[in-house]
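The lines below spell out each chain.
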Amino acid sequence: LMQAQGHAALDQMIGAAQQQFGGLRFHLDGQADGHGERLRFRWTLGPDAATAVAKGTDFAMLAGDGRLAEVSGFLDLVPQAL
């Protein structure tokens with residue numbers, strides 16, 4: 001649904017998502033796990049202390065300096081209203 005390359009584009013993309021889903025927050029769902037330079041983590045989106053309205057799983061690659069080099073996200077739960 002969204003793509004970004006570089007810090008400025010990523011900042012814009014996150015800002016757009018925050019405007020679209022005002023009043024909702026992203027939360028880590030469980031613990032992130034990884035192997036070498038690969039990471040996997042699940043997240044939820046919803047109001048604090050309430051049932052999530054969306055869920056997803058993201059896979060990331062780390063650069064040699066430990067920063068994120070790439071993230072691919074998958075939506076696991078998306079209600080029709082979003």
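The paragraphs below set out a description of the structure included in this document. This structure is a prediction, so every number in the text was calculated from the model and none was measured. (Residues numbered from 1 in each chain as written. Predicted model: local features only at pLDDT ≥ 70, side-chain atom pairs only at ≥ 80, totals over all residues. Heavy atoms only, no water.)

1. A few points about the pairing of strand 3 (residues 38-46)
Phase 1 of the analysis: Here strand 1 (residues 25-28) pairs with strand 3 via four bridges, running antiparallel. By the bridge assignment, His-27 is partnered in strand 3 with Thr-44.
Phase 2 of the analysis: Direction of pairing for strand 2 (residues 33-35) relative to strand 3: antiparallel, over a ladder of three bridges. In the strand pairing of strand 3, His-35 is matched with Arg-38.
Phase 3 of the analysis: Once strand 2 ends, the chain turns through two residues before running back antiparallel as strand 3, passing Gly-36 with a positive phi of about 60 degrees.
Phase 4 of the analysis: As defined by bridge partners, strand 3 adjoins strand 4 (residues 54-62) across eight bridges and the pair is classed as antiparallel. By the bridge assignment, Phe-41 is partnered in strand 4 with Asp-58. (Pairing = 2+ DSSP bridges. Helix = DSSP H or I, 4+ residues; strand = E, 2+ residues; numbered from the N terminus.)

2. Things to note about helix 1 (residues 7-20)
Phase 1 of the analysis: Taking 1.5 Å of rise per residue, the 14 residues of helix 1 would be expected to cover 20 Å, and the 20 Å separating its terminal C-alpha atoms lies within 8% of that figure.
Phase 2 of the analysis: For helix 1, a buried count of one out of 14 residues is recorded, marking the element as mostly open to its surroundings. (Expected span 1.5 Å × (residues − 1). Buried < 20%, exposed > 50% of the residue type's maximum accessible area, 1.4 Å probe, protein only.)

3. Concerning the pairing of strand 4
Two faces, one strand: in a regular strand the side chains alternate between the faces of the sheet.
Phase 1 of the analysis: Summarising the sheet, strand 4 and strand 5 (residues 68-77) pair through eight bridges and their orientation is antiparallel. Across the sheet, Thr-57 pairs through a bridge with Phe-74, a residue of strand 5.
Phase 2 of the analysis: Counted along the chain from strand 4 to the antiparallel partner strand 5, the turn is five residues long, and its residue Gly-66 has a positive phi close to 90 degrees.

4. Here we look at a nonpolar patch on the surface
Phase 1 of the analysis: Nonpolar side chains collect at one region of the surface, where Leu-1, Met-2, Leu-75 and Val-78 lie side by side and expose about 470 Å² of accessible area between them.
Phase 2 of the analysis: For Met-2, the location among the structural elements is in the segment before helix 1.
Phase 3 of the analysis: On the basis of relative accessible area, Met-2 is assigned to the partly exposed category, the value being 45%. (Patch = residues over 30% accessible without salt bridge, like charges linked within 9 Å, V, L, I, M, F, W, Y side chains within 5 Å. Areas by Shrake-Rupley, 256 points an atom, 1.4 Å probe, with all protein chains shown as cover. Salt bridge = Lys/Arg side-chain N within 4 Å of Asp/Glu carboxyl O.)

5. Some remarks on the packing of aromatic side chains
Phase 1 of the analysis: Per the stated rule, a full pass over the model turns up two aromatic pairs.
Phase 2 of the analysis: Taken together, a centroid distance of 5.3 Å and an interplanar angle of 70 degrees make the contact between Phe-26 and Trp-43 edge-to-face. Note that Phe-26 is positioned in strand 1 and Trp-43 in strand 3, a separation of 17 residues in sequence.
Phase 3 of the analysis: Residue Trp-43 is classed as buried on the basis of its relative accessible area of 13%.
Phase 4 of the analysis: Summarising the aromatic geometry, the rings of Phe-59 and Phe-74 are spaced 5.9 Å apart at their centres and angled 75 degrees between planes, so their arrangement reads as edge-to-face. Of this pair, Phe-59 sits in strand 4 while Phe-74 sits in strand 5, and the two are 15 residues apart along the sequence. (Phe/Tyr/Trp six-rings, centres within 6.5 Å; stacked < 30°, edge-to-face > 60°.)

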